[in-house]
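Analysis of the macromolecular model
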Amino acid sequence: QRGARSGGSHHAAMRSRGPLLPTKRTARDDGRKRSWLPWALLFVVLSGAVYFIFLGTDHEIGTARVMRDAAERARLSRLQKRASAPIEPVVEMPKGVPDPGYVKSENGQTWQVKGGVKNVATMDESWVASPPQEPVTFAKVPDDIGFVNGIVKEIPPEFRMTPEEKAEYLRDKARMKEEDDEYRRAHAGDTPGVGVPRSDNEATRDVEAEPGKGYLHRPLKLPILDNDDASDNKMWSEEQCEVAAQEWVDRRERDYAARMAKGGKSDLLFFLHIPRTAGRSFHFCFLKLATPEPKRCDKSYDELRMDPHDPHCEMLATHDDYSLVERFDRQPKIVTMLRDPVARILSSYEFAVEVSVRSFGNDVQTNNKRRVSTREVWPWEHVVRHIDRDLRAYKKRVDEDGRKGSIANVYNNSVYTPLHEFIELPMANDDLHNGQFMQLMGLTSNASPETEPHAYKLRRCVRDAGRRWNEKTVDILFDYAKRRLREEVDVTVVHERLDDSLAYSSAALGMHMSGPSYVPNRPPPRHTATLKNRMSRWLDRNKKDESVAAVVGFVFNFDKLTGDQLEKLPWRQGYDRAMRAALAIATGVSPDDVAITPHQRDDWRANEMGFQIGIVRYPADYVTSYDPKVLAPDTLLERLREARRDETDAGFLVDGADGFDAYGSMNILAEGRAEESKDTPGTYDIDVDDFGTDPEFMPLGQRYRECERAQKRKYSRLKTKAFRSLHQHVEGEFEPFIKEDRKLIPQSLLDRIRDINHLDVRLHEFATELFEERMKESMEELEREKLPARLPI
């Protein structure tokens, strides 16, 4: 009681005296309360910052919407738990869309809205509910977020992202788009067609601000490429194909802009060599001869050997597709040639058959490291070996029952794969059909998996053999192919107008037809000195009483004939007799006037590459034959010089004998001529070509025509040799793939080829139009590019 009273009087006294200094207890309580004040202020500041970052800026409206939707879903969930019956959200419908009922979206997919629950139409026209119910609200959002007729599309489970991942994705996409647009605006004046609408465009802002007028945003499209396992073979749906194609195009355009931002085009010239478009002549006889040898990149047709950082590598030609360009730091100058798709497929078939027939279905390997086997080069590695198997099967049947087949139609017979089967092969679909389009896009079966891991699936989207192609995906990729040809490829020419293509390329690349040509210049080789020495020694040892008109010598080897084989005496003796007989037939002299000697020291074991020296002595009474195939001294020397300079097969020397096909191509490495000295009888003046330098200037145009003729002669001989060996395995005679033979192909088969190659057909038409357009723009420059007339074969 005393305590109570004293306490009561104390409080009464306190109240009567008014505000005084606080007691220890009240001061302690007040201090504890004030200690939370800094934390409260910090919370307010951080909340404001978060609000500003995530909700207060225009470019993050998409993130704000995601967060608001998440909060709305949480609120509805709480209301449903409290209510006795579930509360269904109200689905708002935009103007002009019936509600409820069936609604067809922009891409043709049908949706059914019933009581706020979204149902998806399946392929068999049944309906499947898509859980759970989600409210739909409308707000101004970026183009990459939105609705199809007001219905949010269901995202497959494997492609769903958390709200945090989605927000990060949208921020990154907005940032990259802003950087890309800024770069494109900066370069729009220099590069036609790359300008983009500015964000301050009045018309654009009106459209975005008034969606009620009928402007609907595109459907929400989450990334496909980043979330897809490229190693599996699962086929994408049509919608996934469209999304993936657009993502791929966006990435490739950003990559191109990034390469161009590093100083524009580099000094490297890349010839995107599409097979069977006359690219061999265009490369070997034009681009290569117009480029000094030190600036030529290493041969890369079978495998990439060039170093993209090598400053001396300025001219590269390969069958690689555009994915190779994606590996360069800077954008190279690019040249490519296209051809009518039907003619290209027919030429591919004819070439594949010819390559297989050369060895009659045997998969041969070359020992010459300087040459590349066609069977190791894409796209022939698979289709040629398929024909190999058919030829071996035919030969086995003939060996077993002795009945030979006949070839009345070179495109349809029982000896090798007929054309109508060839075009339906899976390997033809992967490697040949629409090959021009795929090579330009970098999506071939030969594409680099590092830069194009999704090439296979994108190919399936546009040319799946089991169904009609996805037209929307085709349009997305084809529109980009046209932009790439116009903006990224510097020179686009067409096979059907080869001479005009050469003239235009000369003007566009600065490789003028009146300018210098650069023949293959090897370092001063040992072959020249060796040939001069060996010819001198042979003439000293084989003197004759009668005079000599001329002596021609040359260093040669065969692709498939090695030094190890030449070491074997019994075999070499037979080879020597056959070789001397063949050269005697080719030159019109006696076999006794022909010699085959070792390359060095009279020792056949002195080299691994099978180098040999051939010597032909023309007697004083030699009479030039009327037969053009018989080679007089001057003609022989000129043909040897052509074969060495152009690196072509010298098989014309052994065409008169059978069996030399098994040794492969015959290569000439040096040539020379000896004549009796007028000052000192009994001795000889030997003149060996020094091909370490090119003392004779020859304009590029003239050099091109000579090389073109040499290439045609070479392939004519190869074709004749190949089918000569086939004749002995079939009944009757036939002409291999001449122009008249194509008349035997049914029109329905040609239509089928054109239908399969729908992408190439459209691309070739556009390339032809582009070529015509650029030719008209360059008429003044083309007047100065005079190409000599073709030389007779």
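Analysis parameters
Residues numbered from 1 in each chain as written. Predicted model: local features only at pLDDT ≥ 70, side-chain atom pairs only at ≥ 80, totals over all residues. Heavy atoms only, no water. Helix = DSSP H or I, 4+ residues; strand = E, 2+ residues; numbered from the N terminus. Buried < 20%, exposed > 50% of the residue type's maximum accessible area, 1.4 Å probe, protein only. Contact = heavy atoms within 4.5 Å. Areas by Shrake-Rupley, 256 points an atom, 1.4 Å probe, with all protein chains shown as cover. Pairing = 2+ DSSP bridges. Disulfide = S-S within 2.5 Å. Axes fitted to C-alpha atoms, helices over the stretch in contact; angles between N-to-C directions. Parallel < 35°, antiparallel > 145°, perpendicular 65-115°, else oblique. Nonpolar A, V, L, I, M, F, W, Y, C, P; charged D, E, K, R; others polar. Expected span 1.5 Å × (residues − 1). Salt bridge = Lys/Arg side-chain N within 4 Å of Asp/Glu carboxyl O. pLDDT = per-residue confidence, 0-100. Phe/Tyr/Trp six-rings, centres within 6.5 Å; stacked < 30°, edge-to-face > 60°. Patch = residues over 30% accessible without salt bridge, like charges linked within 9 Å, V, L, I, M, F, W, Y side chains within 5 Å. Left-handed = near helix turned anticlockwise from the far one by under 90°.

Once that is clear, we can look at the overall build of the protein chain. Looking only at helices and strands, the protein chain has 24 helices and 13 strands in total. Out of the 793 residues in the protein chain, the part that is buried amounts to 47%. For the protein chain, contacts bridging at least 24 residues in sequence account for 74% of all contacts bridging at least 6. Carbon and sulfur atoms make up 52% of the accessible area of the protein chain, which totals about 41,500 Å².

With seven of eight residues buried, strand S11 (residues 612-619) lies mostly within the body of the structure. Taken together, the eight bridges between strand S9 (residues 548-558) and S11 define a ladder with antiparallel strand orientation. Following the sheet pairing, Val-548 is matched in S11 by Pro-619. Pairing of strand S10 (residues 594-598) with S11 involves five bridges; the strand directions are antiparallel. Residue pairing in the sheet places Val-594 in a bridge with Val-616 of S11.

Right, let's talk about the state of the cysteines for a bit. This model, assessed by the stated rule, comprises three disulfides. Note that Cys-241 is cross-linked by a disulfide to Cys-461, the S-S spacing being 2.0 Å. Between Cys-241 and Cys-461 the disulfide shows an S-S torsion of about -75°. By sign, it is left-handed. Here Cys-241 is found in helix H7 (residues 238-260), whereas its partner Cys-461 is found in helix H14 (residues 455-463), with 220 residues between them in sequence. What pairs with Cys-297 in a disulfide is Cys-313, and their sulfur atoms sit 1.7 Å apart. Here the disulfide of Cys-297 and Cys-313 is right-handed, its torsion about the S-S bond being about 100°. Of the two residues, Cys-297 sits in the loop between helix H8 (279-287) and strand S6 (315-318) while Cys-313 sits in the loop between H8 and S6, which places them 16 residues apart along the sequence. Just as Cys-297 is buried, Cys-313 falls in that class too. Counting only the cysteines that take part in disulfides, in the order they occur along the protein chain, gives the pairing 1-5, 2-6, 3-4.

Within a sheet, each strand pairs with its neighbour through backbone hydrogen bonds, oriented either parallel or antiparallel. Read across the sheet, five strands follow the order S10-S11-S9-S12-S13 without closing on themselves; strand pairing throughout is antiparallel. Across the chains shown, the open sheet's two edge strands, defined by having one partner strand only, are S10 and strand S13 (684-688). On average, each strand axis in the sheet is inclined to that of its neighbour by 25°, with strand direction left out of account. Contacts from helix H19 (residues 569-587) reach S9, S10, S11 and strand S12 (666-676), with the element oriented near 135° to S10.

For the pair helix H20 (residues 633-646) and helix H21 (residues 700-727), the least separation of the axes is 11 Å and the interaxial angle reads 95°. If you check the angle between H20 and H21, you find them roughly perpendicular. Of H21, the residues touching H20 (which contributes Arg-639, Glu-642, Arg-645 and Asp-646) are Arg-703, Glu-706, Cys-707, Arg-709, Ala-710, Gln-711, Arg-713 and Arg-717. In terms of residue class, the contact of H20 with H21 is made up of two nonpolar, one polar and nine charged.

On to the sheet that holds S6, then. In spatial order, the strands read S6-S5-S7-S8; together these four strands make up an open sheet with parallel pairing. At either margin of the open sheet sits one strand with a lone partner, and together these are S6 and strand S8 (491-494). Geometrically, the sheet is characterised by an average inter-axis angle of 15° between neighbouring strands, direction not taken into account. Taken together, the four bridges between strand S5 (residues 269-272) and strand S7 (residues 333-338) define a ladder with parallel strand orientation. Bridge pairing in S7 places Phe-270 opposite Ile-334.

Attention now goes to unusual backbone geometry. Backbone phi values are negative for most residues with the exception of glycine, while trans is the configuration of most peptide bonds. Going from Trp-378 to Pro-379, the amide bond is cis rather than trans, its omega being 10°. Phi is positive for Arg-276, close to 65°, though the residue is something other than glycine. Relative to the helices and strands, Arg-276 resides in the loop between S5 and H8. Its identity as a non-glycine residue notwithstanding, Phe-737 has a phi of 50°, on the positive side.

All right, on to helix H16 (residues 498-509) then. It helps to recall that an α-helix has 3.6 residues per turn; residues three or four apart then point in one direction. Under the 1.5 Å per step criterion, the end-to-end length of H16 is 16 Å for 12 residues, consistent within 8% with the ideal 16 Å. Considered for burial, the residues of H16 that qualify are Leu-498, Ser-501, Leu-502, Ala-503, Tyr-504, Ser-505 and Ser-506. Against H8, S7, S8, H21, helix H23 (758-777) and helix H24 (779-782) lie the buried residues of H16. Trailing H16 by a residue or two, Gly-510 shows a phi angle of about 75°, which is positive.

What follows is about the side chain of Thr-291. Tracing the backbone through its elements, the reader meets Thr-291 in the loop between H8 and S6. The buried category is assigned to Thr-291, whose relative accessible area is 6%.

Using the criterion set out here, one finds 37 salt bridges in the structure. Asp-634 is the salt-bridge partner of Arg-673, the closest N and O atoms lying 2.2 Å from each other. On the criterion of sequence distance, the pair formed by Arg-673 in strand S12 and Asp-634 in helix H20 is long-range, its members being 39 residues apart. The residue Arg-644 makes a salt bridge to Glu-671 at a minimum N-O spacing of 2.8 Å. Linking Arg-644 in helix H20 with Glu-671 in strand S12, this pair joins segments that are 27 residues apart in sequence. The exposure class of Arg-644 is buried, given its relative accessible area of 8%.

So, about the confidence of the model for the protein chain. Per-chain confidence: the protein chain averages 75 in pLDDT, with 67% of residues scoring 70 or above. The least confident element of the protein chain is helix H6 (residues 202-209), whose mean pLDDT is 33; the most confident is S7, at 97. Across residues 187-221, confidence stays below pLDDT 50; counting only partners more than four residues off in sequence or on other chains, it has 44 contacts.

Applying the stated criterion across every chain yields a total of 21 aromatic pairs. Consider the rings of Phe-271 and Phe-282, whose centres lie 5.4 Å apart with planes at 40°: the pair is tilted. With a gap of 11 residues between them, Phe-271 in strand S5 and Phe-282 in helix H8 connect regions that are remote in the sequence. Joined through ring pairs, the aromatic side chains of Phe-554, Phe-556, Phe-558, Trp-571, Tyr-575, Phe-660 and Tyr-663 make up one cluster.

Turning next to a nonpolar patch on the surface. Judged by side-chain polarity, Trp-36, Trp-39, Leu-42 and Leu-46 come together as a nonpolar surface patch covering roughly 520 Å² of accessible area. Here Trp-36 is to be found in the loop between helix H2 (24-34) and helix H3 (37-55). Looking at Trp-36, the relative accessible area reads 60%, which means it is exposed.

Interhelical geometry of helix H9 (residues 341-358) versus H21 gives an angle of 60° and a closest axis separation of 8 Å. With respect to H21, the axis of H9 lies oblique. Crossing angle aside, the handedness with which H9 passes H21 is left-handed. Only Tyr-715, Leu-718, Lys-719, Ala-722, Phe-723, Ser-725 and Leu-726 of H21 make contact with H9, whose side of the interface consists of Val-353, Glu-354, Val-357 and Arg-358. Residue classes in the contact of H9 with H21 are distributed as seven nonpolar, one polar and three charged.

Glancing now at the pairing of S12. Judged by how many residues are buried, S12 sits mostly within the fold: nine of 11 residues are covered. Note: S9 against S12, eight bridges, orientation antiparallel. Following the sheet pairing, Phe-556 is matched in S12 by Ile-668. With five bridges joining them, S12 and S13 adopt antiparallel strand pairing. By the bridge assignment for S13, Gly-672 is matched with Val-688.

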